[in-house]
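Each chain, written out:
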Amino acid sequence: SSGTGKTMAAELLAREQGVDLYKVDLSAVVSKYVGETEKNLSRVFSEAEDANAIIFFDEADALFGKRGEVKEARDRWANIEVNYLLQRVEEYAGVVILTSNLRQNIDEAFLRRIHIVVEFPFPDAEARFAIGRGMFPDALQRPPDEALFPLADRFKLNGGSLKNIVVDAAFRALAAAESGQPPQITIRHLVTATGREYQKLGKPISKGEFGETYYEWLKEDIL
């Protein structure tokens, strides 16, 4: 699902291998004009081959979708685009990475040609705790691990949201720091940042979800 670290994993893999990562911008590649998409993709693969780079297609189902029945001229050209991609991926000597939140929408012919499939599960409490703890900047003091784990256990959020929460809490700590005193991220900063993330995600903020003490903080800080 979204926010589980797929893009970051691709970036780390390229860094470990010491090669460039070519992130394909689908809005710049896909064209409504017949034949233009294939030309753009050909240029991407040619440049990547010259650089010995890893090619990274994010939201790959938008480009590698299932071929359908030909009912009109556009359907025929859409299928030709998918066939062309199949050919170029097979011919490419380097690594091609596809990520998708909708694996079932990717053409079966692509799935047969994929050598390795990696599932990125939604993080459990232990993983959320490890991810969140690793996000804190060294320059700021943070709550001890025994105070952080209950937050990770209570709030079921993905890695992308956890990063947003820590960044938000860090800014709150900097704003609240007194002159001459080192900034310190508190549990209240993190709870307030979590409430803001819930608002961004459209998730309800309730006393049952946050508990009485945390909910009172949120009423004072953001509600």
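Fair warning: this is a prediction, and the values are worked out from it, not measured in the lab.

Draft legend 1. The packing of helix 9 (residues 187-201) against helix 11 (residues 212-221), seen in detail. Their axes nearest at 9 Å, the elements helix 9 and helix 11 cross at an angle of 70°. Our classification of the angle between helix 9 and helix 11 gives roughly perpendicular. Of helix 11, the residues touching helix 9 (which contributes I187, R188, V191, T192 and G195) are Y214, W217, L218, E220 and D221. Residues that form the contact of helix 9 with helix 11 fall into these classes: five nonpolar, two polar and three charged.

Draft legend 2. View of a nonpolar patch on the surface. Together, V167, F171 and L174 give the surface a local cluster of nonpolar side chains, amounting to about 300 Å² of exposed area. Turning to its location among the elements, L174 is positioned in helix 8 (residues 159-176).

Draft legend 3. Expanded view of the packing of aromatic side chains. For the structure on display, the rule yields seven aromatic pairs. Ring plane angle 45° and centroid distance 4.8 Å describe the contact between F155 and F210, whose orientation is recorded as tilted. Placement of F155 in the loop between helix 7 (145-154) and helix 8 and of F210 in helix 10 (residues 207-210) is noted, with a sequence separation of 55 residues between them. Take F155: its relative accessible area is 3%, and that puts it in the buried class.

Draft legend 4. Region of the structure containing the pattern of salt bridges. Counted under the stated rule, the structure contains ten salt bridges. Its salt-bridge partner being R188, residue E220 comes within 2.7 Å of it at the nearest N-O pair. Of this pair, E220 sits in helix 11 while R188 is found in helix 9, placing the two residues 32 residues apart along the sequence. The class for E220 is exposed, based on a relative accessible area of 58%. We note a salt bridge from K200 to E197, for which the minimum N-O separation is 3.1 Å. Taken as a pair, K200 and E197 lie in helix 9 at a separation of three residues, close to a single helical turn. By relative accessible area, which is 54% here, K200 ends up exposed. With a relative accessible area of 4%, E197 lands in the buried category. Within this structure, E49, R88 and E91 form a network of salt bridges that share partners.

Thresholds, definitions, all that
- Residues numbered from 1 in each chain as written.
- Predicted model: local features only at pLDDT ≥ 70, side-chain atom pairs only at ≥ 80, totals over all residues.
- Heavy atoms only, no water.
- Axes fitted to C-alpha atoms, helices over the stretch in contact; angles between N-to-C directions.
- Helix = DSSP H or I, 4+ residues; strand = E, 2+ residues; numbered from the N terminus.
- Parallel < 35°, antiparallel > 145°, perpendicular 65-115°, else oblique.
- Contact = heavy atoms within 4.5 Å.
- Nonpolar A, V, L, I, M, F, W, Y, C, P; charged D, E, K, R; others polar.
- Patch = residues over 30% accessible without salt bridge, like charges linked within 9 Å, V, L, I, M, F, W, Y side chains within 5 Å.
- Areas by Shrake-Rupley, 256 points an atom, 1.4 Å probe, with all protein chains shown as cover.
- Salt bridge = Lys/Arg side-chain N within 4 Å of Asp/Glu carboxyl O.
- Phe/Tyr/Trp six-rings, centres within 6.5 Å; stacked < 30°, edge-to-face > 60°.
- Buried < 20%, exposed > 50% of the residue type's maximum accessible area, 1.4 Å probe, protein only.

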